[in-house]
Amino acid sequence: MYDPDLVTGTDPSPAEIGFAAQVVEAVTERFGVPLYARVDMITGDDGHPDLMELEAVEPHLYFDEAPAAADRLAQAIVARIEDGGARRAPLHARPGDVG
């Protein structure tokens, strides 16, 4: 479902950034470094981030919300091709970026 108002840029808290990093690290340990990942979360009743969804296959990448993400994704694709498909460290999003 594509809804342009559903995903918006935000300035994540340090706790949200740390939580997202833990989620991506867990995926990386099991499957290798994802070329793309978006960690969707909400604040739980305890005030800590809770995982809603890990989006690893996204039909709409929301580049209008995070224009720099397009360049990072292109760089990651080129790096993956040049490495012969080797899984290496991701090009991390900056705080406030979506995508």
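The rules behind the values
Residues numbered from 1 in each chain as written. Predicted model: local features only at pLDDT ≥ 70, side-chain atom pairs only at ≥ 80, totals over all residues. Heavy atoms only, no water. Salt bridge = Lys/Arg side-chain N within 4 Å of Asp/Glu carboxyl O. Buried < 20%, exposed > 50% of the residue type's maximum accessible area, 1.4 Å probe, protein only. Helix = DSSP H or I, 4+ residues; strand = E, 2+ residues; numbered from the N terminus.

Topic: the pattern of salt bridges
Opposite charge on two side chains permits pairing when their charged atoms draw close.
Link 1 in the chain: A full pass over the atoms with the stated rule returns 2 salt bridges.
Link 2 in the chain: Measuring nitrogen to oxygen at the nearest pair gives 2.7 Å for the salt bridge that ties aspartate 40 to arginine 38. Each member of the pair, aspartate 40 as well as arginine 38, carries the same accessibility label: buried.
Link 3 in the chain: Between glutamate 55 and arginine 38 there is a salt bridge, with its nearest N and O atoms 3.9 Å apart. Residue glutamate 55 is found in strand S2 (residues 49–55), and its partner arginine 38 is found in strand S1 (residues 38–43); the two are separated by 17 residues along the sequence. Pair check on accessibility: glutamate 55 and arginine 38 agree, each one buried.
Link 4 in the chain: Among the charged side chains, a network of salt bridges with common partners joins Arg38, Asp40 and Glu55.

Functional significance is not addressed by these values, which are geometric in nature.
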